[in-house]
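Okay, here's what each chain looks like letter by letter:
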Amino acid sequence: VSLLAADGSRLVWVTTLAITLTALAQWVGAWAFWDVNRAVGWLLIVAGTALGAVAVFRVPCPRRARFCTYTVEHTPAESIHNSGVIGYALATMTAMVILGVIAITRGHHSLVGVPGLIAAVVFAMGFSGILLFPEGLAQRTWIAVGQAWLVAAVFEAQRHRSRLGGRARQAVTE
């Protein structure tokens, strides 16, 4: 995916836009979690900020390459880009594990409990390279798992906020 957004790539704007929108999704998720679980909210802010760095600091592509399939040199931008990818992955996996453990230990049957922990394992396997997919597919897998988890987690956060809001309104009217 990073090579699709590399300096010199034909589709740099499309992939950069996708990465930027993914960063915004993390920040929206942080907002949804702010009153539910502040630690997860902070982790999602970190994940979104890391993706912002990924979008801004791109890897280099060979000059006049029709398709960018590899980088040509190691640059400071590439180092920042790679650090952003690692920061996003670590923050996302940590949030997955925190919510999964909380859901399981509290007996909540939710999308972030056991499914969230399974998502964390698949994410980690894809990110670490343990999953032996064709080039690029492992990265796309952990990106897709991370985004699917984020949607499920925000859904669960909204449900939790609605339950709390209903109890708060009931307490005020009684």
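## What about the packing of helix α3 (residues 76–105) against helix α4 (residues 114–128)?
Working step 1: Axis separation between α3 and α4 bottoms out at 8 Å; the angle between their running directions is 155 degrees. It follows from the interaxial angle that α3 and α4 lie roughly antiparallel. As α3 runs across α4, the sense of the crossing is left-handed. Here V85, I86, Y88, A89, T92, M93, M96, V97, G100, V101 and I104 of α3 come into contact with α4, specifically with V114, G116, L117, A119, A120, F123, A124 and F127.
Working step 2: In the contact of α3 with α4, the residues fall into 16 nonpolar, three polar and no charged.

## Let's talk about the environment of V85
Working step 1: Residue placement: V85 occurs in helix α3.
Working step 2: For V85, a relative accessible area of 15% translates into the label buried.
Working step 3: Sequence-wise, V85 and G52 are 33 residues apart; in three dimensions their C-alpha atoms are separated by 9.8 Å.
Working step 4: Setting aside residues no more than four positions away along its own chain, V85 makes contact with V54, F127 and W142.

## Topic: the packing of aromatic side chains
Working step 1: According to the stated counting rule, one finds five aromatic pairs in the structure shown.
Working step 2: Through successive ring pairs, a cluster of aromatic residues spans Y88, F123, F127 and W142.
Working step 3: The ring of W31 is capped by R161, whose NZ or CZ atom sits 4.7 Å from the centre of that ring.

Rules used in this analysis
Residues numbered from 1 in each chain as written. Predicted model: local features only at pLDDT ≥ 70, side-chain atom pairs only at ≥ 80, totals over all residues. Heavy atoms only, no water. Axes fitted to C-alpha atoms, helices over the stretch in contact; angles between N-to-C directions. Helix = DSSP H or I, 4+ residues; strand = E, 2+ residues; numbered from the N terminus. Parallel < 35°, antiparallel > 145°, perpendicular 65-115°, else oblique. Left-handed = near helix turned anticlockwise from the far one by under 90°. Contact = heavy atoms within 4.5 Å. Nonpolar A, V, L, I, M, F, W, Y, C, P; charged D, E, K, R; others polar. Buried < 20%, exposed > 50% of the residue type's maximum accessible area, 1.4 Å probe, protein only. Phe/Tyr/Trp six-rings, centres within 6.5 Å; stacked < 30°, edge-to-face > 60°. Lys NZ or Arg CZ within 6 Å of the ring centre and 35° of its normal.

Interpretation note: all reported values are geometric properties and have no functional meaning in isolation.
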